[in-house]
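Each chain is listed here by its residues.
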Amino acid sequence: MFGYPGLSSPSLQLNEAGKLKHLLTLEGLKPHHIRDILDRADGFINTDTRQIHKQPLLKGKTIVNLFFEASTRTRTTFEIAEKSLGADVINLNVATSATKKGESLLDTIYNLEAMQADMFVVRHAESGAAHFFARHVAPHVHVLNAGDGRHAHPTQALLDAYTIRHFKGADFSQLRVAIVGDILHSRVARSQIQVLNLLETEEIRLVGPKTLLPHDASAMGAHCFTDIESGLKDVDVVITLRMQNERMSSARLPSEQEYFETYGITEERLKLAMPDAIVMHPGPINRGVEIASTVADGPQSVILDQVTFGIAVRMSVMAGIMQTQGDQP
Ligand code: NCD
């Protein structure tokens, strides 16, 4: 149910030297790929002042942001990251583009390439959309997956790993992480589980109602909990997720109110975690559904840090990928 055969082929995103030329998924990557990205991100931000260090490494390059699905944080932080690297940025407004007039995705790709694009950042409701792009672009063009259906959201998971590393240190082998909510339909959860495993996290817990948990959690290196109290017990990191209503084929939940009563992260429940546990959320947050406002805005929340760190991590991914094939500016 949770597997995506054909979407994990490492050969598509790695070059002959084993370096990233696209970023489509974290599956199949090695720990050094992750560490390189996180280490390079350190050079793009002062984590004390939260100031981004602009560096024109991608001057003269053209990056096209193609968001076929709604986005606030991901699209904006990609754009800030691209501009901070000195790239020329095009945001294709999909709502007014020729896609609405029946143009195929392939024709859109060829036309954008003809406009001399060097990189596409793609978000799409279909799992596999970014892989489709990577298979069809010219050899010098790079593709970044900014979220495809239920499948993957690699840069989100990388910025989450960066955030955890910032607050909890680089040794993940002592950390217990609980991911709470709609795991089954979440591309963020899939990529998070992969990054946490690559960084050798001691324990990854998936917490939620049975209908929203994957069936193959142990094969993914995680444990399922349907009881929120045991799921949160002594964890160092609590990651809350939104219900992916748009990706559910039928109503799997009784009501938002009932969900909050059973699984919502409240101040009371947070006391079960370690006293210095951090609370994360990729956004958009639904206050009073998966998280209480007092927790989202409380002292243990690092939700807005995730957003700022996301700029540095996305700069790191793009700078690393663009320099992979010697295509220096
Ligand atoms: C997530 C997404 O779009 O997958 N948001 C994000 O990128 N920050 C999570 C979500 O929509 O729930």
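Computed from a predicted model, the values in this text were never measured in an experiment.

Draft legend 1. Fine view of the overall build of the protein chain. Broken down by element type, the protein chain carries 12 helices and 11 strands. The globule rule puts the C-alpha radius of gyration for 329 residues at 20 Å, and the 19 Å found for the protein chain is close to it. Viewed in the frame of its principal axes, the protein chain has a C-alpha envelope of about 55 × 45 × 35 Å. For the protein chain, buried positions account for 56% of its 329 residues. Long-range pairs, those at least 24 residues apart, make up 74% of the contacts in the protein chain with a sequence separation of at least 6. By element, 51% of the accessible surface of the protein chain is carried by carbon and sulfur atoms, the whole surface being about 13500 Å². Here the protein chain contributes 32 positively and 38 negatively charged side chains, and the mean placements of these two sets differ by 3 Å.

Draft legend 2. How the structure looks around the sheet that holds strand E3 (residues 62–67). Pairing is parallel across the open sheet formed by 4 strands, whose spatial order is E4-E3-E5-E6. The open sheet terminates on both sides in strands that have one partner only, identified here as strand E4 (88–92) and strand E6 (142–148). Averaged over all neighbouring strand pairs, the angle between strand axes comes to 15 degrees, with direction disregarded. Bridge count for strand E5 (residues 119–124) against E6 is 5 bridges, and the pairing is parallel. Each bridged residue has a counterpart across the sheet, and for Phe120 the counterpart in E6 is Val143. Packing of helix H4 (residues 105–114) onto the sheet brings it into contact with E3, E4 and E5, and relative to E5 it is tilted by some 155 degrees. Of the strands in this sheet, E3, E5 and E6 are in contact with helix H5 (residues 129–136), which crosses E6 at around 165 degrees.

Draft legend 3. Geometry of the site of the ligand. Near the ligand, the surroundings consist of Arg73, Thr74, Arg123, His153, Gln156, Arg187, Val188, Arg242, Gln244, Pro282, Gly283 and Pro284. His153 places a side-chain nitrogen or oxygen 2.7 Å from an oxygen atom of the ligand. Take Gly283: an N or O atom from its main chain is 2.9 Å from a nitrogen atom of the ligand. Here the ligand loses 93% of its free accessible area of 320 Å² to cover by the protein chains. Elements represented by at least two residues in the shell around the ligand include exactly helix H3 (73–84) and helix H7 (187–198). Residue classes in the shell around the ligand are distributed as 3 nonpolar, 5 polar and 4 charged.

Draft legend 4. Main features of the sheet that holds strand E10 (residues 237–240). Read from one edge to the other, the open sheet built from 5 strands follows the order E9-E8-E7-E10-E11, with strand pairing classed as parallel. Both outer strands of the open sheet, strand E9 (223–225) and strand E11 (278–280), are each paired with one neighbouring strand and no more. Adjacent strand axes in the sheet meet at a mean angle of 20 degrees, parallel and antiparallel pairs treated alike. For strand E7 (residues 176–180) and E10, the ladder comprises 4 bridges, and the chain directions are parallel. Across the sheet, the residue bridging to Ala178 is Val238, located in E10. Against the sheet, helix H6 (residues 154–168) touches E10 and E11, its axis set at about 165 degrees to E11.

Draft legend 5. A look at the packing of aromatic side chains. Scanning all chains against the criterion turns up 4 aromatic pairs. Aromatic pair Phe120 and Phe133: ring centres 5.7 Å apart, planes at 75 degrees, arrangement edge-to-face. Linking Phe120 in strand E5 with Phe133 in helix H5, this pair joins segments that are 13 residues apart in sequence. Accessibility expressed as a relative area gives 0% for Phe120, which makes it buried. By relative accessible area, which is 0% here, Phe133 ends up buried. An aromatic cluster is defined as three or more aromatic residues linked by ring pairs; in this entry it consists of Tyr162, Phe167 and Phe309.

Draft legend 6. Focus on helix H9 (residues 256–263). For H9, every residue scored as buried is listed here: Tyr259, Phe260 and Tyr263. Considered in projection along H9, the buried side chains sweep an arc of 100 degrees and stay on one side of the axis. Where the residues of H9 are buried, they touch E7, helix H8 (228–232) and helix H10 (267–270).

Draft legend 7. Fine view of the environment of Glu126. As for its position among the elements, Glu126 is in the loop between E5 and H5. Look at Glu126 and you get exposed, because its relative accessible area is 52%. It is 8.5 Å that separates the C-alpha atoms of Glu126 and His151, two residues lying 25 residues apart in sequence. Those residues in contact with Glu126 that lie beyond four places of it in its chain are Asp148 and Gly149.

Reading the values: the criteria
Residues numbered from 1 in each chain as written. Predicted model: local features only at pLDDT ≥ 70, side-chain atom pairs only at ≥ 80, totals over all residues. Heavy atoms only, no water. Helix = DSSP H or I, 4+ residues; strand = E, 2+ residues; numbered from the N terminus. Rg over C-alpha atoms; globule rule 2.2 N^0.38 Å. Buried < 20%, exposed > 50% of the residue type's maximum accessible area, 1.4 Å probe, protein only. Contact = heavy atoms within 4.5 Å. Areas by Shrake-Rupley, 256 points an atom, 1.4 Å probe, with all protein chains shown as cover. Lys, Arg positive; Asp, Glu negative; His and termini not counted. Charge placed at Lys NZ, Arg CZ, Asp CG, Glu CD. Pairing = 2+ DSSP bridges. Axes fitted to C-alpha atoms, helices over the stretch in contact; angles between N-to-C directions. Near = heavy atom within 4 Å. Polar contact = N/O pair within 3.5 Å; in protein donor to acceptor, adjacent residues only side chain to side chain. Nonpolar A, V, L, I, M, F, W, Y, C, P; charged D, E, K, R; others polar. Phe/Tyr/Trp six-rings, centres within 6.5 Å; stacked < 30°, edge-to-face > 60°. Arc of directions from axis to C-beta.

Geometric descriptors of this kind do not, in isolation, establish any biological role.
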